[in-house]
Amino acid sequence: MLKDVTLGQFFPGDTVVHRLDPRTKLIWVILYIVALFNAYDWWSYGLVLVVTAGCIWASHIKPKTILQGLKPLIIVIVLTALLNLFYTGGTPIVPGWAITWEGLKKAVLLVARIIMLIAGTFLLTYTTSPIALTDGLEILLNPLKKLKIPVHEMAMMMSMALRFIPTLTEETDKIMSAQKARGADFETGSLMQRAKALLPILVPLFVSSFRRADELAVAMESRCYHGGEGRTRMKQLRYAPRDAWALILGAAFLAGVIVLKKFGL
Amino acid sequence: MSAIIKIEDLHYTYPGDEAETLKGIDLEIEEGSFVAVLGHNGSGKSTLAKHFNAILTPTEGKVLVDGMDTADENNLLAVRRTVGMVFQNPDNQIVANVVEDDVAFAPENLGVEPAEIRRRVDAALKQVGMYEYRSHAPHLLSGGQKQRVAIAGVIAMEPRVIALDEPTAMLDPQGRTEVITTVTGLCRDKGITIVLITHHMSECIGADRLVVMSNGGIVSDGTPAEVFANVELMEREGLTVPATTRLEYELNRAGFDLPLSALTVDDCAAAIAAQLGKQ
Amino acid sequence: MSEIRAEGLRHVYSAGTPFEKVAIDDINVVIPHGQLVGIIGHTGSGKSTFIQHLNGLLKPTAGKVYCDGQDINATKQITHDVRFKVGLVFQYPEYQLFEETVYKDIAFGPKNMKLSGDEIDRHVREAAHFVGLSDELFERSPLELSGGQKRRIAIAGVIAMRPGVLILDEPTAGLDPEGCAQILQNICDYRTETGSTVILVSHSMDDVARIADRLIVFSGGGIFMDGTPQEVFSHPDELTNIGLSVPEPTAIAMALRRDGVDVGGAIYTTEQLISAVERLRKGAGAC
């Protein structure tokens, strides 16, 4: 059941998107998010949609996989849609109804924004291995080291957290099965009862996570880990012409959206 | 052959404990040998293993790795480069999301040149038979495969000793065979010293030397044939002997004259067949 | 009392996706009350999938599972209740302990059965007795105790539900030889004293050979062999052909046969081997 959670997973591939430098992709995501939040009306949203679809197509990631990633957020999406649908003033679709044309449009656009936001950021983790991601982040944030911010340690924590997501979901599944085998019920009862029912899952999970962290630390130290000083990397990040093109396209895309916005589109 | 690890009167008490876990161990491990350390749970064998690469340092006594005192903090990295450790839980050793990235972890920590890291990673993966899996995600591998990746991660440091703390405890029989075959090969073909902590008797048959621990001390030390021959001692320690040894022991009590050194199934059968043929 | 019956049982994981996998197919088996059954098979042969169907944790893709003649998946309530009749102890069960005290953790199952305080107390004490846990440990935190003790607490937690069928998945995994022997003895004693069915999934041929009344061998998602240890181990070559190991005495017997010494019959314990060899010596000699 929990195996369907694709959050943080990496799908290896050899597409141009996969081969882009992770730093390029990180910068792209920022440009993308800025563009997304500047999108104003049908035309600018349309441009973002086209670009998003283009990226998904270029990465060969199945749309179905992206949709699966949206599953955990279905509540947020539906809530946003409903709130905007019912609480936007304007011309009612059917006289006497609370739903207005403006509300409908707003709901559609905002839902589209959420979906594209998720899709865009997921595309990042789907096409970039966590090691490449954290390496890219670490290099981009390196200047912050001067401000005594532990950039390497944070990057290390992130990459390890990502590595353990599938392992932890597997473990959670096992714990749930074991407690269900003793009659634990996670599906019935009031909200309070269901929250209490989570204790038999959370406590073992926490305990095992602490033990895991301890063992990992010992294993890492046994392999001579001593922080970021003097560390080299087997896989070196190198910019290629495609990165320059991607960044130019990204900048052009953002410019396009802002221009459309200026024209009220 | 010189001793790559020398342990002199090692005492160790865990912080907060009243009793000593290790009560004065003297041990020398010869370079290039395959040593198995046996003992029931609580005998101190894991505690001993953790002293090999300075995860723990002695409360009293000395541990010398290639002449270096493990208690000296300046020696820490050098000691850990010389003695690599593989642990029991396959998952809790793998740090990266892709097999080859994990194997590269140690040389990266040591500041090795990228091209050299690549060479070592490929060589290490080939040595453990996991080269085809180099781009795979570790969580999809079997237990035995994960442990082999962990071993490769240690080999990439080019250590002279690999200590394995109950590496097969969480594996199925196939995984167990994979791991033991791999480390035996590393010892015999590459001359890497292997120290295997275990309580599976069948894994020790191919070792050069068995050390049996009990209650923080060493109670038996010799070749597998010598150690297993002392069936009473093994049982007293809550350990078993291989079925071959038990069979030979019991048959000898019934009047046979079988060598207790016939540890493998084939040797044992041949010895019995020979005895019966002589009638 | 608690007879388990599987008919045409089939389970497909991730059906309809590229990761689709048929874990078990066409499983038909009847386990009468009171048997001690050993389930063996290589990793991936379907054993874990099979046992999780017996207490309703997994639903069949096709086929049915009956407990005492009733389809356990007939209604949600029945499925929920069958967990108290068919107790399942997973591998490394000590990782599921969560309560503040040993007593409370063992009481979790009985509590879910909605028993009275007195009944819960009786169930907990009895279960602790079966696994050899002393009362003094009741108020301790389970997390402070040793691995072996934690495992006993976890097993007690399932026994406390007084299931008519007790299923244990690799109960001796990770234990040292003494720990193994103790747990197996506890399981045998439990079966003798309560008469419950016990199903043991194990990779250790030597363990199951010694204590099981019946062995079910899984291979590639189906049942490959089903019989007494006597019957199953008379075909050691077939077992090795499907990638299974055989008990060490059996392996020695096979090697002896290759060397021209026929120890005959089905050998799967050291005692049998010793008797067989001694008989040959007293006889006219081998070869």
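These figures come from a predicted structure and were not determined experimentally.

Parameters and conventions
Residues numbered from 1 in each chain as written. Chains lettered and ligands numbered in written order. Predicted model: local features only at pLDDT ≥ 70, side-chain atom pairs only at ≥ 80, totals over all residues. Helix = DSSP H or I, 4+ residues; strand = E, 2+ residues; numbered from the N terminus. Contact = placed C-beta atoms within 7 Å. Rg over C-alpha atoms; globule rule 2.2 N^0.38 Å. Buried ≥ 20, exposed ≤ 12 C-beta atoms within 10 Å, placed from the backbone. pLDDT = per-residue confidence, 0-100. Pairing = 2+ DSSP bridges. Axes fitted to C-alpha atoms, helices over the stretch in contact; angles between N-to-C directions. Nonpolar A, V, L, I, M, F, W, Y, C, P; charged D, E, K, R; others polar. Parallel < 35°, antiparallel > 145°, perpendicular 65-115°, else oblique. Core = buried A, V, L, I, M, F, W, Y, C linked by C-beta atoms within 7 Å. Left-handed = near helix turned anticlockwise from the far one by under 90°.

Engineer: A description of the overall build of chain A should follow, citing residues and the corresponding values.
Structural biologist: Along chain A, the regular secondary structure elements total 11 helices and 0 strands. When the helices and strands of chain A are listed from N to C terminus, the series reads α-α-α-α-α-α-α-α-α-α-α. Taking the principal axes of the C-alpha coordinates as reference, chain A spans close to 70 × 60 × 35 Å. Of all intrachain contacts in chain A linking residues separated by at least 6 positions in sequence, the fraction that spans at least 24 positions is 75%.

Engineer: I'd like a description of the overall build of chain B, backed by residues and values.
Structural biologist: A count of helices and strands for chain B gives 11 helices and 10 strands. Against the compact-globule benchmark of 19 Å for 279 residues, chain B has a radius of gyration of 20 Å, which places it among compact chains. By its C-alpha atoms, chain B is 65 × 45 × 35 Å across when sized along the principal axes. Buried residues in chain B amount to 54% of all 279 residues. Considering only contacts in chain B between residues 6 or more positions apart, those separated by 24 or more positions represent 62%.

Engineer: Tell me about the confidence of the model for chain A, residues and numbers included.
Structural biologist: All names here are of chain A. Taken over all residues, the pLDDT of chain A has a mean of 86, while the share at 70 or more is 97%. When pLDDT is averaged over each element of chain A, helix α10 (residues 199–222) comes out on top at 94 and helix α4 (residues 63–70) at the bottom at 82. Considering only residues more than four positions removed or in separate chains, one finds that residues 1–5, a stretch of pLDDT under 50, has 7 contacts.

Engineer: Please set out the sheet that holds strand β3 (residues 36–40) of chain C residue by residue, giving values where relevant.
Structural biologist: Residues and elements named next belong to chain C. Read from one edge to the other, the open sheet built from 6 strands follows the order β6-β7-β8-β3-β9-β10, with strand pairing classed as mixed. Two strands in the sheet have a free side with no partner beyond their single neighbour: β6 (86–89) and β10 (222–227). On average, adjacent strands in this sheet sit at an angle of 15 degrees to one another, irrespective of strand direction. When β6 meets strand β7 (residues 165–169), the two strands line up parallel, connected through 4 bridges.

Engineer: Give me the lowdown on the interface of chain A and chain C, citing residues and values where you can.
Structural biologist: Taken together, the contacts link 17 residues of chain A with 20 residues of chain C. Where the side of chain A that touches chain C is concerned, the elements lending two or more residues are α8 (151–180) and α10 of chain A. When the residues that make up the side of chain A that touches chain C are grouped by side-chain class, the tally is 9 nonpolar, 4 polar and 4 charged.

Engineer: Let's hear about the environment of V179(B): which residues, and what values?
Structural biologist: Residues and elements named next belong to chain B. Within the fold, V179 resides in helix α7 (residues 173–190). In this structure the C-alpha to C-alpha distance between V179 and Q145, which are 34 residues apart in sequence, comes to 8.4 Å. Those residues in contact with V179, other than ones at most four positions away along the chain, are G144, Q147, R148, P167, T168 and L171.

Engineer: Report on the sheet that holds strand β4 (residues 62–67) of chain C, specifying residues and quantitative values.
Structural biologist: Sheet strands line up and pair through hydrogen bonds in the backbone, either parallel or antiparallel. All names here are of chain C. In spatial order, the strands read β2-β1-β4-β5; together these 4 strands make up an open sheet with antiparallel pairing. In this open sheet, the two strands that pair with only one neighbour each are β2 (21–31) and β5 (70–71). One ladder, built from 5 bridges, connects strand β1 (residues 4–13) with β4; its direction is antiparallel. Bridging across to β4, A6 finds its partner in V65.

Engineer: Lay out helix α1 (residues 45–52) of chain B in plain terms, naming residues and giving numbers.
Structural biologist: Residue and element names in this part refer to chain B. Of all 8 residues that make up α1, 6 are buried, and the element is covered over most of its length. Every buried residue of α1 is listed here: K45, T47, L48, A49, H51 and F52. Two residues or fewer after α1 comes A54, characterised by a positive phi angle close to 65 degrees.

Engineer: Account for the interface of chain B and chain A, naming residues and giving values.
Structural biologist: Between chain B and chain A, the contact holds 34 residues from the first and 27 residues from the second. Counting residues per element, the ones that place at least two in the side of chain B that touches chain A are α2 (76–82), β6 (83–86), α4 (105–109) and α5 (114–127) of chain B. Among the residues forming the side of chain B that touches chain A, the class breakdown is 16 nonpolar, 11 polar and 7 charged.

Engineer: Kindly report on the packing of helix α2 (residues 22–38) of chain A against helix α7 (residues 130–141) of chain A, identifying the contributing residues and their values.
Structural biologist: All names here are of chain A. It is at 8 Å that the axes of α2 and α7 come closest, and there the two elements cross at 75 degrees. The angle between α2 and α7 places the two elements in the roughly perpendicular class. For the pair formed by α2 and α7, the contact residues are P22, R23 and L26 on the first element and A132, L133, D135, G136, L137, I139 and L140 on the second. In the contact of α2 with α7, the residues fall into 7 nonpolar, 1 polar and 2 charged.

Engineer: Give me the nonpolar core: which residues, what numbers.
Structural biologist: Judged by nonpolar contacts, the single largest core of 186 residues is most densely connected at V37(B), A152(B), I162(B), I106(C), A156(C), I167(C) and I252(C). Those residues in contact with I252(C), other than ones at most four positions away along the chain, are A243(B), T244(B), L247(B), V265(B), C268(B), A269(B) and L273(C). Membership of the second largest hydrophobic core comes to 24 residues, among which are L36(A), V48(A), M116(A) and L123(A).

Engineer: Tell me about the pairing of strand β10 (residues 217–222) of chain B, residues and numbers included.
Structural biologist: All names here are of chain B. Across 5 bridges, strand β9 (residues 209–214) lies against β10 in antiparallel orientation. Paired with M213 across the strands is I218, a residue of β10. Turn length for the β9-β10 hairpin, with the two strands adjacent in sequence and antiparallel, is 2 residues, and the turn residue N215 shows positive phi of about 50 degrees.

Engineer: An account of the packing of α8(A) against α10(A) is needed here, citing residue identities and associated values.
Structural biologist: Residue and element names in this part refer to chain A. Where α8 meets α10, the axes come as close as 9 Å, and the angle between the chain directions of the two elements is 135 degrees. Classified by the angle their axes make, α8 and α10 are oblique. The hand of the α8/α10 crossing is right-handed. Taken together, the residues of α10 that come into contact with α8 (itself represented by E171, T172, I175, M176 and Q179) are P200, I201, P204, L205 and S208. Considering only residue class, the contact of α8 with α10 consists of 6 nonpolar, 3 polar and 1 charged.

Engineer: Kindly report on unusual backbone geometry, identifying the contributing residues and their values.
Structural biologist: Non-glycine residue E166(B) carries a positive phi angle of around 45 degrees. Under the C-beta neighbour-count criterion, E166(B) is labelled buried, with 22 such atoms within 10 Å. Even without a glycine there, the phi angle at R162(C) is positive, about 50 degrees. Tracing the backbone through its elements, the reader meets R162(C) in the loop between α5 (147–159) and β7.

Engineer: Would you mind going over the environment of N84(A) in detail, with residue names and values included?
Structural biologist: Within the element layout of this structure, N84(A) appears in helix α5 (residues 74–87). N84(A) has contacts with G103(A), K106(A), A107(A) and L110(A), leaving out every residue within four places of it along the chain.

Engineer: Outline the environment of M156(A), supporting the account with residue identities and numerical values.
Structural biologist: Here M156(A) lies in helix α8. Along the chain, M156(A) and T15(A) lie 141 residues apart, while their C-alpha atoms are 26 Å from each other.

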